[in-house]
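# Topology and contacts: notes
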Amino acid sequence: MTDWLEPLVAAEVDAGAEPAAARNRARLGLATVRGLLLDLLATGDRAGVDAAMEEFLQLYYGSE
């Protein structure tokens, strides 16, 4: 997981987040994506997973 987490933390820090917040946000994003991938594998509901990911991105990044 560290191989995936560290680049996400770096991206958050580069975007202006404090290191502790960057680590938390990176872990939250990674956990969400992993959970949605598990959902897709378990249900095969691509449209539902895509909609949930879009909702997460709106909550996470807002409407930039």
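A short tour of the structure in this document, coming up. Since this is a predicted model, take the numbers as computed values, not measurements.

A few words now on the packing of aromatic side chains. For the structure on display, the rule yields 2 aromatic pairs. Through pairs of rings, three or more aromatic residues link up here, namely Phe56, Tyr60 and Tyr61. When the ring centre of Tyr60 is taken as origin, the NZ or CZ atom of Arg25, which lies over that ring, is 4.4 Å away.

Take Ala15: it is sitting in the loop between α1 (2–14) and α2 (19–43). By relative accessible area, Ala15 is classed as exposed at 67%. Residues Ala15 and Gly44 lie 29 residues apart in sequence; the distance between their C-alpha atoms is 34 Å.

Running from N to C, α1 and α2 cross one another at 130°; their axes reach a closest spacing of 8 Å. Here α1 is positioned oblique relative to α2, judged by the angle of their axes. The way α1 lies across α2 gives a crossing that is right-handed. Together, Trp4, Leu5, Glu6, Leu8, Val9, Glu12 and Val13 of α1 and Pro19, Ala22, Arg23, Arg25, Ala26, Arg27, Leu30 and Arg34 of α2 make up the contact between the two elements. Counted by class, the contact of α1 with α2 contains 9 nonpolar, no polar and 6 charged residues.

Reading the values: rules and limits
Counting of residues starts from 1 at the beginning of each chain's written sequence and follows it residue by residue. In keeping with the model being predicted, local features are shown solely for residues with a pLDDT of at least 70 and side-chain atom pairs are shown and tallied solely at 80 or more, while totals for entire chains, interfaces and linings include all residues. With hydrogens and water excluded, all non-hydrogen atoms of the structure serve as input to the side-chain values. Only Phe, Tyr and Trp rings are paired, with Trp represented by its six-membered ring, and only when their centres lie within 6.5 Å; those with planes under 30 degrees apart are stacked, over 60 edge-to-face, the remainder tilted. The criterion is that NZ of a Lys, or CZ of an Arg, lies within 6 Å of the ring centre and within 35 degrees of the ring normal, and then a charge sits over that ring. In this description a helix means any DSSP run of H or I spanning at least four residues, a strand means any run of E spanning at least two, and both kinds are numbered starting from the N terminus. Partly exposed describes any residue whose relative accessible area lies between the buried limit of under 20% and the exposed limit of over 50%, with all areas from a 1.4 Å probe on protein chains only and scaled to the type maximum. Comment: axis = line fitted to C-alpha atoms, over the contacting stretch for helices; angle = value between 0 and 180 degrees taken between N-to-C directions. Just so you know how the angles are binned, under 35 degrees is roughly parallel, over 145 roughly antiparallel, 65 to 115 roughly perpendicular, and the rest oblique. In a left-handed crossing the near helix is turned counterclockwise from the far helix by less than a right angle, and in a right-handed crossing that turn is clockwise. Only heavy atoms enter the contact rule, under which two residues are in contact if any of them lie within 4.5 Å. The nonpolar class holds Ala, Val, Leu, Ile, Met, Phe, Trp, Tyr, Cys and Pro. Asp, Glu, Lys and Arg form the charged class, and all remaining residues, Gly among them, are polar.

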